[in-house]
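So you can see what is in the structure, the chains are spelled out below.
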Amino acid sequence: MFAIALTACQPAPEDAAELRLPISINEVMASLINHSADPIWVAAWKNPQTDTDWRELEHLARQLQVGGALLSIPGSGPVDAMWTSRGPWREYSQQLSETAGRAVNAARSHDVELITRSGDEIVDICESCHMEFKPDLPTMNIYGELSEHR
């Protein structure tokens, strides 16, 4: 019964093509992705100390998980529709969301090694996507920053 109700709430396929974010994908990256990813990246060398620290990491990882999904929806930017129509872009978006889901689980289990691994994967995904789609706008050389702290 619940599945039927849920299906009834989903947009028709022709409506889904018109779905647009009210802001650009670049704005999603700057305001949501970067904000959520940074603390996960630094958790490896700034070990969370309290339950509150871990809950905050879990919350940010969940935001990043949703943010990855949002990146697959075109926004108001001039190249958003082009980016989201490409298979590699959709793959990066999905990988980011899935990896952030693993970061949620790592934070829930208070596992520094797993949160570190998730952070490393997030860096790889972001760097790879930027190299392919935004080569003139690097992700602030995060590899160099990470190596300085490890």
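**Student:** Explanation requested: the confidence of the model for the protein in the structure shown.
**Tutor:** Segments scoring low in pLDDT should not have their predicted coordinates read at a detailed level. Looking at the protein as a whole, its pLDDT mean stands at 84, while 80% of the residues score no less than 70. By mean pLDDT, the top-scoring element of the protein is helix 6 (residues 87–108) (98), and the lowest-scoring one is helix 8 (residues 142–149) (39). The model gives residues 141–150 a pLDDT under 50, and that stretch makes 15 contacts with residues more than four places away or in other chains.

**Student:** Is there a simple way to explain the pattern of salt bridges in this structure?
**Tutor:** When the charged atoms of two side chains lie near each other, side chains of opposite charge can form a pair. Under the counting rule described, the total for this entry stands at four salt bridges. We note a salt bridge from E58 to R108, for which the minimum N-O separation is 2.8 Å. One end of the pair, E58, is in helix 4 (residues 51–70); the other, R108, is in helix 6, and 50 residues separate them in sequence. In this structure E58 comes out as partly exposed when scored by relative accessible area, which is 21%. Between E121 and R102 there is a salt bridge; the shortest N-O distance is 2.7 Å. One end of the pair, E121, is in helix 7 (residues 112–133); the other, R102, is in helix 6, with 19 residues separating them in the sequence. According to the relative accessible area criterion, E121 is partly exposed, its value standing at 26%. For R102, a relative accessible area of 39% corresponds to the partly exposed category.

**Student:** Explain helix 3 (residues 25–42) to me, please; I cannot follow it from the model alone.
**Tutor:** In an α-helix, one turn spans 3.6 residues; hence positions three or four apart end up facing the same way. For helix 3, with 18 residues, the first-to-last C-alpha span of 24 Å sits near the 26 Å given by 1.5 Å per residue. Of all the bends in helix 3, the greatest, near 40°, is centred on I33. Buried residues of helix 3: I25, V28, M29, I33, S36, A37, I40 and W41, and no others.

**Student:** What is the right way to look at the side chain of T99 in this model?
**Tutor:** Turning to its location among the elements, T99 is positioned in helix 6. Dropping the residues within four chain positions of it, T99 is found in contact with S118, E121, I122 and I125.

**Student:** It is not clear to me how the nonpolar core should be interpreted in this structure. Could you clarify?
**Tutor:** The tendency in soluble globular proteins is for nonpolar side chains to be buried as a group. Ranked by internal contacts, the top residues of the largest apolar core, which has 31 residues, are I40, L64, L71, W89, I115 and I122. Counting residues per element, the ones that place at least two in this core are helix 3, helix 4, helix 6 and helix 7. Looking at this core, the element that brings in the most residues is helix 6, giving eight residues.

**Student:** What exactly am I supposed to notice about the packing of helix 4 against helix 6 here?
**Tutor:** Helix-helix packing is characterised by the crossing angle of the two axes and by the distance between the axes. One can describe the packing of helix 4 onto helix 6 by two numbers: an axis separation of 7 Å at closest approach and a directional angle of 165°. Considering the angle they form, helix 4 stands roughly antiparallel to helix 6. The crossing of helix 4 and helix 6 is left-handed. Within the contact between the two elements, helix 4 uses W54, L57, E58, A61, R62, L64, Q65, G68 and A69 and helix 6 uses S93, L96, S97, A100, G101, A103, V104, A106, A107 and R108. A breakdown of the residues in the contact of helix 4 with helix 6 according to their chemical character gives 11 nonpolar, five polar and three charged.

Scoring rules and cut-offs
- Residues numbered from 1 in each chain as written.
- Predicted model: local features only at pLDDT ≥ 70, side-chain atom pairs only at ≥ 80, totals over all residues.
- Heavy atoms only, no water.
- pLDDT = per-residue confidence, 0-100.
- Helix = DSSP H or I, 4+ residues; strand = E, 2+ residues; numbered from the N terminus.
- Contact = heavy atoms within 4.5 Å.
- Salt bridge = Lys/Arg side-chain N within 4 Å of Asp/Glu carboxyl O.
- Buried < 20%, exposed > 50% of the residue type's maximum accessible area, 1.4 Å probe, protein only.
- Expected span 1.5 Å × (residues − 1).
- Bend = angle between axes of the 7 residues up to and from the residue.
- Core = buried A, V, L, I, M, F, W, Y, C linked by side-chain atoms within 4.5 Å.
- Axes fitted to C-alpha atoms, helices over the stretch in contact; angles between N-to-C directions.
- Parallel < 35°, antiparallel > 145°, perpendicular 65-115°, else oblique.
- Left-handed = near helix turned anticlockwise from the far one by under 90°.
- Nonpolar A, V, L, I, M, F, W, Y, C, P; charged D, E, K, R; others polar.

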